[in-house]
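Listed below, chain by chain, are the residues.
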Amino acid sequence: MAVACAALAVAMLIGVSVGPAGLTLGQVAAALLVKLPWLPHLAVPPVAVIIVWQVRLPRVILGALVGAMLAGSGAAYQGVFHNPLADPYLLGVAAGGGLGATMIIVTGASATLLPPAAFAGAVVAVTLTYLLGSGTGRDANRTGGSAGAIVLAGVAVGTLLTAVQTYIQQEHSQSLQQIYSWILGGLSLASWSDVVLILPYATVAAAVLIAHRRLLDVLRIGETEAASLGVDVTRLRLTIVAAATLAAAAAVAVAGLIGFVGLIVPHTVRLTAGASYRVVVPVSMIGGAAFLVLADVVARTVQAPAEVPIGVITAAIGAPFFLFVLRSRRAQQDLA
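Residues numbered from 1 in each chain as written. Predicted model: local features only at pLDDT ≥ 70, side-chain atom pairs only at ≥ 80, totals over all residues. Heavy atoms only, no water.

Visitor: Explain the overall build of the chain residue by residue, including any values.
Guide: Counting its secondary structure elements, the chain contains 16 helices and 0 strands. Relative to the compact-globule value of 20 Å for 336 residues, the chain shows a C-alpha radius of gyration of 21 Å, a close match. By principal-axis analysis of the C-alpha atoms, the chain measures approximately 70 × 50 × 40 Å. Residues counted as buried form 50% of the 336 residues belonging to the chain. Taking as baseline every contact in the chain between residues at least 6 positions apart, the subset at least 24 positions apart corresponds to 75%. Here the chain has roughly 15,600 Å² of accessible surface; of this, 68% comes from carbon and sulfur atoms. Distance from the positive charge centre (16 side chains) to the negative charge centre (11 side chains) of the chain: 9 Å. (Helix = DSSP H or I, 4+ residues; strand = E, 2+ residues; numbered from the N terminus. Rg over C-alpha atoms; globule rule 2.2 N^0.38 Å. Buried < 20%, exposed > 50% of the residue type's maximum accessible area, 1.4 Å probe, protein only. Contact = heavy atoms within 4.5 Å. Areas by Shrake-Rupley, 256 points an atom, 1.4 Å probe, with all protein chains shown as cover. Lys, Arg positive; Asp, Glu negative; His and termini not counted. Charge placed at Lys NZ, Arg CZ, Asp CG, Glu CD.)

Right under this line is the structure:
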């Protein structure tokens, strides 16, 4: 935990310090401290204060929140579905959010409607997935459906919504560049309003997931055994899925579709800190925040002054790294 917190602090310092304006570390530090009322007055150029507080800091904080939510929801999905390859988009969050955003873009509606539309699409998709996966009838009502059935329902719903989104894109080809720019994810337009928008969802989701992390360890022994110990498996699964979906949907709403964060970060935490979700969930959130902040630094500097979509960076880092860790003995044991 201490190592993860230190990594996050360093990542956020790098994120605030790096940029095209060429501010020195001293100017950045002074700009960060200048608004603290109990410090003596600091001589800081006004432009440095504006760059740090209105451009860099909201972007870094938003990136940390999005990374924490994606990694935390990924860890939760992996625990509740007994699959370390599960990610935050498993139950249709990406497809639903993408469809909601696409509909706003092609209709030419106000850009302020894009985050709520993406959020609503993601939540509706997961709700539909859960209802279909849970099934109907006496046995389904009693058990809440099997984890495998819910995952299969997620695949079906995601495929359907993606097909609808693709059709809409074909019918509005003039909007393809804007749609793909959103799909690939990014933090270039980050503002304090985005931070305020995601913060309540992130707080609630994180609190629920952390409060239930010990019960995820109970689920590791099997749902039947967990039920025999007095755990209401149906309610636990629904609670965790709801919280993880809330986190992932909020992240998608403000940053688009950013892949691999919710897959490789929890898996890496398990390889380095053990498989107990008592540790995996909180450390994944902290590690995910640090990872996405650093990925955003790469995205905005590797082709400066142009920016690379952050989803491209996370995929370029995540895919080879994930293939590498899969070769380790501990990874093979986790996947067994």
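Visitor: Would you mind going over the confidence of the model for the chain in detail, with residue names and values included?
Guide: Within the chain, residue pLDDT values average 88, and 92% of them lie at 70 or more. This model gives residues 136–143 a pLDDT under 50, and the stretch forms 6 contacts once residues within four places in sequence are excluded. (pLDDT = per-residue confidence, 0-100.)

Visitor: Go over the nonpolar core with me, naming the residues and quoting the values.
Guide: Formed by 108 residues in total, the largest nonpolar core has its most connected members in V66, F81, W182 and I258. Ranked by the residues each element gives to this core, the list is headed by helix 3 (residues 46–80), at 19 residues. Those residues within four positions of F81 in sequence are excluded, and the remaining contacts are L90, L91, A147, I150, V151 and V241. (Core = buried A, V, L, I, M, F, W, Y, C linked by side-chain atoms within 4.5 Å.)

Visitor: Describe the side chain of T245, naming the residues involved and giving the relevant values.
Guide: Tracing the backbone shows T245 in helix 12 (residues 233–255). Beyond its immediate stretch of four places on either side in the chain, T245 contacts Y77, V93 and V126.

Visitor: Help me get a handle on the pattern of salt bridges, residues and values and all.
Guide: Throughout the structure, instances matching the rule amount to 5 salt bridges. Here D217 makes a salt bridge to R220, at a shortest N to O gap of 3.7 Å. Two residues, R300 and D296, come together in a salt bridge whose shortest N-O distance is 3.3 Å. Residue R300 and its partner D296 are both found in helix 14 (residues 277–301); the two are separated by 4 residues, about one turn of the helix. Each of the two residues, R300 as well as D296, counts as buried. (Salt bridge = Lys/Arg side-chain N within 4 Å of Asp/Glu carboxyl O.)

Visitor: Now, about the environment of Q165: what can you tell me, with residues and values included?
Guide: Summarising the element assignment, Q165 is placed in helix 7 (residues 147–171). Looking at Q165, the relative accessible area reads 8%, which means it is buried. Remark: the alpha-carbon pair of Q165 and I179, spanning 14 residues in sequence, is separated by 10 Å.

Visitor: So what's going on with the packing of aromatic side chains? Which residues, and what values?
Guide: Within a pair of aromatic rings, the relevant descriptors are the distance that separates the centres and the angle that separates the planes. Counted according to the given criterion, the structure contains 2 aromatic pairs. On the basis of an interplanar angle of 40 degrees and a centroid distance of 4.9 Å, the ring pair of F119 and Y201 is categorised as tilted. Pair noted here: F119 is in helix 5 (residues 114–134) and Y201 is in helix 9 (residues 192–211), with a separation of 82 residues, a long-range link. Here F119 falls in the buried class, since its relative accessible area comes to 18%. Using a relative accessible area of 31% as the deciding quantity, one classes Y201 as partly exposed. (Phe/Tyr/Trp six-rings, centres within 6.5 Å; stacked < 30°, edge-to-face > 60°.)

Visitor: Outline helix 9, listing residues and values.
Guide: The terminal C-alpha atoms of helix 9 lie 28 Å apart, and with 20 residues this matches the ideal 28 Å at 1.5 Å per residue to within 8%. Burial in helix 9 covers these residues: D194, V195, I198, A202, A205, A206 and L209. Those residues of helix 9 that are buried are in contact with helix 3, helix 10 (213–219), helix 12 and helix 14. (Expected span 1.5 Å × (residues − 1).)

Visitor: How would you sum up the packing of helix 9 against helix 12? Please name residues and give values.
Guide: Running from amino to carboxyl end, helix 9 crosses helix 12 at an angle of 160 degrees, the nearest separation of the two axes being 9 Å. In terms of their interaxial angle, helix 9 and helix 12 are classed as roughly antiparallel. Regarding helix 9 and helix 12, the two cross each other, and that crossing is left-handed. Counted together, D194, L197, I198, Y201, V204, A205, V208 and L209 of helix 9 and T239, I240, A243, A244, L246, A247, A250, A251 and V254 of helix 12 form the full contact between these two elements. Broken down by class, the residue content of the contact of helix 9 with helix 12 amounts to 15 nonpolar, 1 polar and 1 charged. (Axes fitted to C-alpha atoms, helices over the stretch in contact; angles between N-to-C directions. Parallel < 35°, antiparallel > 145°, perpendicular 65-115°, else oblique. Left-handed = near helix turned anticlockwise from the far one by under 90°. Nonpolar A, V, L, I, M, F, W, Y, C, P; charged D, E, K, R; others polar.)

Visitor: Outline the packing of helix 3 against helix 12, supporting the account with residue identities and numerical values.
Guide: It is the contact of helix 3 with helix 12, at a shortest axis distance of 9 Å, that shows an interaxial angle of 150 degrees. In terms of axis orientation, helix 3 runs roughly antiparallel to helix 12. The two elements helix 3 and helix 12 cross, and the hand of that crossing is left-handed. Counted together, L62, V66, M69, L70, S73, A76, Y77 and V80 of helix 3 and R237, I240, V241, A244, T245, A247, A248, A251, V254 and A255 of helix 12 form the full contact between these two elements.

Visitor: Got a sec to walk through helix 12? Specific residues and values, please.
Guide: Residues three or four positions apart in an α-helix share a direction because the helix packs 3.6 residues into each turn. Between its terminal C-alpha atoms helix 12 stretches 32 Å, which fits the 33 Å expected from 23 residues at 1.5 Å a residue. Where helix 12 terminates, the next one or two residues include G256, which has phi positive at roughly 80 degrees.

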